[in-house]
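Inside the fold
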Amino acid sequence: MTYQESVRSVLSNYATFSGRASVSEFWWFYLFTLLISMAFSVLGLIFHDSNGEPALWIIILQGLFGLAILLPSIAVAVRRMHDIGKGGGWIFINLVPLIGWIWFIVLAATPGQLGDNRFGPMPR
């Protein structure tokens, strides 16, 4: 799956928690959100007040982006866990201090199960 196909797929399945998401779909979407966040950070460095704080409009736009992307980010993470045969609750491993996010990265990078599994057909 290409970068554009991934972003389009995740946003078209905005709040779809059923089914499976491929490794490429998950990581390309993660890169998309990372690039947008970095763009907001750069804008904050360019447009700032006398104290060095980002302009209010940048903070508002960044917050709106975060809210808009929250549900599809959770949904694609759940579908990614489904692809490796685990339940969606495994995304909460991120809440374990120190090692949770490392464990989640390993799970998210694990190749999906070949063929159909209990969560649906193999993603393209």
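Residues numbered from 1 in each chain as written. Predicted model: local features only at pLDDT ≥ 70, side-chain atom pairs only at ≥ 80, totals over all residues. Heavy atoms only, no water.

Side note on the environment of Gly 66
Our working rule: Put simply, DSSP H or I for four residues or longer makes a helix, DSSP E for two residues or longer makes a strand, and each gets a number counted from the N terminus.
For Gly 66, the location among the structural elements is in helix 3 (residues 56–83). A C-alpha to C-alpha distance of 8.8 Å links Gly 66 and Ser 37, two positions 29 residues apart in sequence.

A closer look at the packing of helix 2 (residues 23–46) against helix 3
A packed helix pair is summarised by two numbers, namely the angle formed by the two axes and the spacing between the axes. To keep things clear, this is the line we draw: Simply put, an axis is a line fit to the C-alpha atoms, just over the touching stretch for a helix, and the angle between two N-to-C directions goes from 0 to 180 degrees. Angles below 35 degrees are treated as roughly parallel, those above 145 as roughly antiparallel, those between 65 and 115 as roughly perpendicular, and all remaining angles as oblique. Here, residues are in contact when the closest pair of their heavy atoms is within 4.5 Å. Note on residue categories: nonpolar means Ala, Val, Leu, Ile, Met, Phe, Trp, Tyr, Cys or Pro, charged means Asp, Glu, Lys or Arg, and polar means any other residue, Gly included.
For the pair helix 2 and helix 3, interaxial distance at closest approach is 11 Å and the crossing angle is 170°. Between helix 2 and helix 3, the interaxial angle falls into the category roughly antiparallel. Here Val 23, Glu 25, Phe 26, Phe 29, Phe 32, Thr 33, Ile 36, Ser 37, Phe 40, Leu 43 and Gly 44 of helix 2 lie close against helix 3, whose contacting residues are Ile 58, Leu 61, Gln 62, Phe 65, Ile 69, Pro 72, Ser 73, Val 76, Ala 77, Arg 79 and Arg 80. Among the residues forming the contact of helix 2 with helix 3, the class breakdown is 14 nonpolar, 5 polar and 3 charged.

As for the packing of aromatic side chains
Applied cut-off: Note on ring pairs: Phe, Tyr and Trp rings are taken, using the six-membered ring of Trp, and paired if centres are within 6.5 Å. Classes follow the plane angle, with under 30 degrees stacked, over 60 edge-to-face and the rest tilted. Think of it in three bands: with a 1.4 Å probe and only protein chains considered, a residue is buried below 20% of the maximum accessible area for its type, exposed above 50%, and partly exposed in between. Look at NZ for Lys and CZ for Arg. If either is within 6 Å of the ring centre and within 35 degrees of the ring normal, a charge sits over the ring.
Taken as a whole, this structure holds 9 aromatic pairs when the rule is applied. Both rings, one in Trp 90 and one in Trp 103, keep their centres 5.7 Å apart while their planes meet at 65°; by these two values the pair is edge-to-face. Taken as a pair, Trp 90 in the loop between helix 3 and helix 4 (100–109) and Trp 103 in helix 4 lie far apart in primary sequence, 13 residues in all. Judged by its relative accessible area of 41%, Trp 103 falls in the partly exposed class. The rings of Phe 26, Trp 27, Tyr 30 and Phe 104 are connected pair by pair, giving a single aromatic cluster. Positioned over the ring face of Trp 90 is Lys 86, at 5.0 Å from the centre of the ring.

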